[in-house]
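Structural overview
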2 protein chains.
Amino acid sequence: MTSHPHPLLIVGSLAFDDLDMPTGAHRDVLGGSALYASLSATLVAQGGVRVVGVIGTDFPDAQLAELAKRGIDTQGVERAPGRTFRWHGRYSADLASRTTLDTQLNVFADFSPKIPAGYRGSPFVFLGNIHPKLQIGVLEQVERPTLVAADTMNFWIEREQASLAEMLRRIDLLVVNDEEARQLSGVHNLVRAAADIRKRGPRMLVIKRGEFGALLFDAAGEFFVPAYPLEEVLDPTGAGDSFSGGLMGYLASLRGEVSPVAIRKAMLFASALGSFCVEGIGPSRLLSIGRPEVGARIASFVRLIDFGGDVSLPT
Amino acid sequence: MTSHPHPLLIVGSLAFDDLDMPTGAHRDVLGGSALYASLSATLVAQGGVRVVGVIGTDFPDAQLAELAKRGIDTQGVERAPGRTFRWHGRYSADLASRTTLDTQLNVFADFSPKIPAGYRGSPFVFLGNIHPKLQIGVLEQVERPTLVAADTMNFWIEREQASLAEMLRRIDLLVVNDEEARQLSGVHNLVRAAADIRKRGPRMLVIKRGEFGALLFDAAGEFFVPAYPLEEVLDPTGAGDSFSGGLMGYLASLRGEVSPVAIRKAMLFASALGSFCVEGIGPSRLLSIGRPEVGARIASFVRLIDFGGDVSLPT
């Protein structure tokens, strides 16, 4: 690796979400995995964030301009005839669970990511949760990236085992939640589930547990990062993708190798960006903060987990 | 404080537990808050562990001798006519919940802790979960301890508000689980619940979350310690008291002040001892390990949470 920050390519969905929260209903909220991941990544990354996704004719130019103003390269956002992907969900009173009321794939149904020529050398790639065949299709368009991370979901785990297995063989890092890890491995215990999944391809695995933090499994062992304790959580939508965006944004910015120490530090950025996401409805909080707020939260985060170095049994 | 390790006084229950686990039934298993806390503390502490509790005529001398052999001073264990406290519980298949099938207080019903003269100067005191009036009674028999920690439970929170309030004013550290913190404060959010509880007396508060770790709240802020990820959990009975025993055992052993850094390191020992406890039925695992195993787990624990020191936003 050269000694400058690297561009990060993010591929995933761009959407409008209707969110029925305990605190009220919100309509036409900007959403999608690529949206949350890129907004988070750009708050950390130094080498540029490139996004590939599809929008419909209903997606306002002003929204795209807003992303560009945040430093996101939207050249890879394709505009297709039809409406943008829409999701409508309702959250429980404690925000711990949610029900999908409606999903309209719209232009996303025929999405086939086309990586612009200028993006093909992107050394860092995050594949948001889309069909594993499309994730593989992205990898066939890019040139030997340094690090490829991917997300997936129960829908593909149940229905697309063959292409999912191939995708897993081609990535370096899988980022999933605890239920997905259990479903993918068929093992309830997360330590054992992780060992099983790492045998299928990815040398690094992150298991997200929402308000209970996240675990990293790699060649150096296990590493845990808590969720940042907040006085108020407004909306968990996009927190997982914001987590991935923070993680990849940090790794892409490093002037060095993706070492075990580097990915451990990246986990702090991941959790910090996830914590900002849940503080607002949709991506509103991510859109209202800048690097000073990220720096301050990282400092608070360090205080939360810093045990003061050396620890040994009293003698 | 002087520069040598200090004795730790532990007051609580000694019991026989009948445990219906998914893996099988176990009868007459040694249990009780004082039992688990003292077995854990003695694996860490350097200045001695003293236990005060009550047993019946059915409690074998050999069991007491086993505790003494582990380095626990059992001079304060009172033998009363009648049977020892008995609890019978059944765990769910995933061990996440349990049902009490039977409780026989027996000699514990009339327990009134009598602190032996030689224990009254104990500088570190852990009050296991007993009636708050009895916890206050212990504090009236000891001489200005350096640090008093206490546990409590929903039963006292619901029924003994006045004496619980007085107990809280007289302790330095409260150790409870998340549901108890919510019930005590009447606030669901744990950050806010902690602020409420600390106003009632204890300057330090630890909220235990089982497999999801534990949070410390003190004047220096918040600190989080995860549960150690295990491949197999056999029995959660006593894990909370083992946590407290490890915490207090470490603090009592320090040759210095109970500083914010010290209690943060103590949280690692607390979680490490809790993790040993759940690896065996009842206290079997705690009884089978020694200081080398504790040292090794602390080293693993450090690898689990060590993010490599300095972290800052890439520039």
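Here the structure is shown first, and the text comes after it.
This text gives an overview of the structure that appears in the document.

Parameters at a glance
Residues numbered from 1 in each chain as written. Chains lettered and ligands numbered in written order. Predicted model: local features only at pLDDT ≥ 70, side-chain atom pairs only at ≥ 80, totals over all residues. Heavy atoms only, no water. Helix = DSSP H or I, 4+ residues; strand = E, 2+ residues; numbered from the N terminus. Buried < 20%, exposed > 50% of the residue type's maximum accessible area, 1.4 Å probe, protein only. Contact = heavy atoms within 4.5 Å. Areas by Shrake-Rupley, 256 points an atom, 1.4 Å probe, with all protein chains shown as cover. Lys, Arg positive; Asp, Glu negative; His and termini not counted. Charge placed at Lys NZ, Arg CZ, Asp CG, Glu CD. Pairing = 2+ DSSP bridges. Axes fitted to C-alpha atoms, helices over the stretch in contact; angles between N-to-C directions. Buried area = accessible area lost by both parts, 1.4 Å probe. Salt bridge = Lys/Arg side-chain N within 4 Å of Asp/Glu carboxyl O. Polar contact = N/O pair within 3.5 Å; in protein donor to acceptor, adjacent residues only side chain to side chain. Phe/Tyr/Trp six-rings, centres within 6.5 Å; stacked < 30°, edge-to-face > 60°. Lys NZ or Arg CZ within 6 Å of the ring centre and 35° of its normal. Core = buried A, V, L, I, M, F, W, Y, C linked by side-chain atoms within 4.5 Å.

**With respect to the overall build of chain A**
- Scanning chain A from N- to C-terminus turns up 11 helices and 13 strands.
- Judged by the C-alpha coordinates and their principal axes, chain A covers about 70 × 45 × 40 Å.
- Considering chain A as a whole, with its 315 residues, one finds that 58% of them fall into the buried category.
- Pairs at least 24 residues apart make up 65% of the contacts formed inside chain A by residues separated by at least 6 positions.
- Total accessible area on chain A is roughly 12000 Å²; 49% of this is exposed by carbon and sulfur atoms.
- Of the charged side chains in chain A, 31 are positive and 35 negative, and the gap between their average positions amounts to 4 Å.

**Thoughts on the pairing of strand 8 (residues 124-127) of chain A**
All names here are of chain A.
- Residue alternation in strand 8 divides its side chains into two sets, Phe 124 and Phe 126 and Val 125 and Leu 127, and both sets are buried.
- Relative to strand 8, strand 1 (residues 8-11) runs parallel, the two sharing 4 bridges. Residue Ile 10 lies in a different strand from strand 8, and its bridge partner there is Phe 126.

**As for the sheet that holds strand 12 (residues 214-218) of chain B**
Residue and element names in this part refer to chain B.
- Spatially, 5-4-1-8-9-10-11-12-13 is the arrangement adopted by the 9 strands of the open sheet, whose pairing is mixed. Each having just a single partner strand, strand 5 (72-79) and strand 13 (221-225) make up the two edges of the open sheet. Geometrically, the sheet is characterised by an average inter-axis angle of 15° between neighbouring strands, direction not taken into account.
- Bridge count for strand 9 (residues 147-150) against strand 10 (residues 173-177) is 2 bridges, and the pairing is parallel. Paired with Ala 150 across the strands is Leu 174, a residue of strand 10.
- Sitting on the sheet, helix 3 (residues 132-139) is in contact with strand 1 (8-11), strand 8 (124-127) and strand 9, with an inclination near 165° to strand 8.
- Relative to the sheet, helix 6 (residues 178-185) contacts strand 10 and strand 11 (204-208), its axis offset from that of strand 10 by approximately 110°.

**Some thoughts on the interface of chain A and chain B**
- With 43 residues of chain A at the contact, the number on the chain B side is 43 residues.
- In total, about 3900 Å² of surface goes out of reach between chain A and chain B, with carbon and sulfur atoms giving 62% of it.
- Among the residues of chain A in contact with chain B, A:Phe307, A:Leu313 and A:Pro314 are the three that bury the most area, contributing 18% of the side total.
- Counting across the interface, chain A meets chain B through 4 salt bridges.
- Of the charged contacts in the structure, one is a salt bridge between B:Glu211 and A:Arg209, with a shortest N-O distance of 3.4 Å.
- Summed over the shared surface of chain A and chain B, the result is 17 residue pairs in polar contact (both at pLDDT 80 or more).
- If you list the elements that add at least two residues to the side of chain A that touches chain B, you get helix 7 (190-199), strand 13 (221-225), helix 8 (239-253), helix 9 (260-277) and helix 11 (291-305) of chain A.

**Brief notes about the packing of aromatic side chains**
- Scanning all chains against the criterion turns up 14 aromatic pairs over all chains.
- Where B:Phe16 meets B:Phe59, the ring centres are 5.3 Å apart and the plane angle is 35°; that geometry is what we call tilted. With B:Phe16 in strand 2 (residues 15-21) and B:Phe59 in the loop between strand 4 (49-55) and helix 2 (61-69), this residue pair connects regions lying 43 residues apart in the sequence. You'll find B:Phe16 and B:Phe59 in the same group, each marked buried.
- Ring-pair connections join several aromatic residues into one group, and the members of that group are A:Phe85, A:Phe108 and A:Phe111.
- The cationic tip of A:Arg297 hangs over the ring face of A:Phe276; the distance from NZ or CZ to the ring centre is 4.2 Å.

**Notes on the nonpolar core**
- In this structure, A:Leu251, A:Leu268, B:Leu251 and B:Leu268 are the most contacted members of the largest nonpolar core, which totals 212 residues.
- When neighbours within four sequence positions are excluded, B:Leu268 is seen to be in contact with A:Phe307, A:Val311, B:Phe223, B:Val225, B:Ile298, B:Phe301, B:Val302 and B:Ile305.

Keep in mind these values describe shape, not function.
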